[in-house]
Amino acid sequence: MMKANNVNRAARGLAHGAALAAGYGGLCLSVLITFEVIARKFFSFSLQGVDEIGGYVLAIGVAFSFAYALLQGAHTRVDVLLAKLPGILRGPLNASAALLLAIFAAFMLWRAVDTLLVSLEFQSHASTPLQTPLWIPQSLWVAGLTVFALLAGLLALRAVFLLVTGDLSRLNQEFDARSADDELDEARHDYASGTVQTPHGSSHS
């Protein structure tokens with residue numbers, strides 16, 4: 001029997017690890033860009049290829065961020081009609097949405113792997129001064145999409161399991177699209193718990 005705690009723990013572990021990887025990548029990129037700007041301004045020196053590296057980091061960071069966005073319900077869903085439907089109808093639709101997203105994630109991963117294999121076969125390099133072997137950034141890109149596909153598949157299995165067992169209330173609770181009120185409540189909770197810090201020197205009314 002599939003237990004919710006085990007599924008949630010595995011999903012959160014994957015998503016948080018992916019988000020941390022993307023965050024550290026962005027941090028390293030910001031340091032590199034800062035050094036590049038200072039070097040050009042004061043020393044007339046350039047590292048060459050920072051823009052190329054930035055493109056790789058952004059693409060890889062986005063791939064790694066997909067999983068965390070999925071867990072947080074941050075992907076866009078058009079829920080104008082869904083929110084007005086009764087729970088017995090929302091359940092199958094929520095399960096279908098989770099399943100379709102998992103299929104789409106698997107398709108993205110398949111195409112990414114195919115691109116990587118082609119680059120390896122032809123030993124492709126970037127047509128830039130760095131002449132970067134494309135398999136290096138593409139491998140990291142594939143790794144990010146793999147985490148996303150695994151998480152999407154895991155959540156899809158969870159949704160289908162709840163649908164088959166008839167637990168529609170829990171299915172809708174876990175997979176309903178987030179409303180504006182939900183996001184506002186979460187922001188208030190983060191603010192109250194100190195997760196969101198106020199600017200230094202500001203006061204509260």
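Note: the structure precedes this text.
Thresholds, definitions, all that
- Residues numbered from 1 in each chain as written.
- Predicted model: local features only at pLDDT ≥ 70, side-chain atom pairs only at ≥ 80, totals over all residues.
- Heavy atoms only, no water.
- Helix = DSSP H or I, 4+ residues; strand = E, 2+ residues; numbered from the N terminus.
- Buried < 20%, exposed > 50% of the residue type's maximum accessible area, 1.4 Å probe, protein only.
- Contact = heavy atoms within 4.5 Å.
- Areas by Shrake-Rupley, 256 points an atom, 1.4 Å probe, with all protein chains shown as cover.
- Core = buried A, V, L, I, M, F, W, Y, C linked by side-chain atoms within 4.5 Å.

### Observations regarding the overall build of the protein chain
Looking only at helices and strands, the protein chain features six helices and zero strands. Shown N-terminal to C-terminal, the secondary structure of the protein chain runs as helices and strands in the order α-α-α-α-α-α. Within the protein chain, the proportion of its 205 residues that are buried is 27%. A fraction of 69% describes how many contacts in the protein chain between residues 6 or more apart in sequence connect residues 24 or more apart. Only carbon and sulfur atoms are counted for the fraction: they give 66% of the accessible area of the protein chain, which is about 13,300 Å².

### Concerning the nonpolar core
Generally speaking, soluble globular proteins have nonpolar side chains that are buried together. Of all hydrophobic cores here, the largest spans 29 residues; its most connected members are Ala-67, Leu-70, Leu-145, Leu-151, Ala-159, Leu-171 and Phe-175. When residues of this core are traced back to their parent elements, those giving at least two are helix H1 (4-43), helix H2 (50-71), helix H3 (87-122), helix H4 (135-164) and helix H5 (168-175). Sorting elements by how many residues they give to this core places H4 first, with 11 residues. Among residues more than four places away in sequence, those in contact with Ala-159 are Ala-95, Ala-98, Leu-171 and Phe-175.

### Focus: unusual backbone geometry
In this model, Ser-44 sits at a positive phi of 50°, which is unusual for a non-glycine residue. Take Ser-44: it is sitting in the loop between H1 and H2. A positive phi angle, close to 50°, is found at Gln-131, a residue other than glycine. Relative to the elements of secondary structure, Gln-131 occurs in the loop between H3 and H4. Residue Gln-131 is classed as partly exposed on the basis of its relative accessible area, which comes to 42%.

### What about the environment of Phe-148?
By secondary structure assignment, the location of Phe-148 is in helix H4. For Phe-148, a relative accessible area of 3% corresponds to the buried category. Along the chain, Phe-148 and Tyr-68 lie 80 residues apart, while their C-alpha atoms are 8.3 Å from each other. Ignoring sequence-local partners within four residues, the contact set of Phe-148 consists of Ala-63, Phe-66, Ala-67, Leu-70, His-75, Leu-101, Ala-105 and Met-108.

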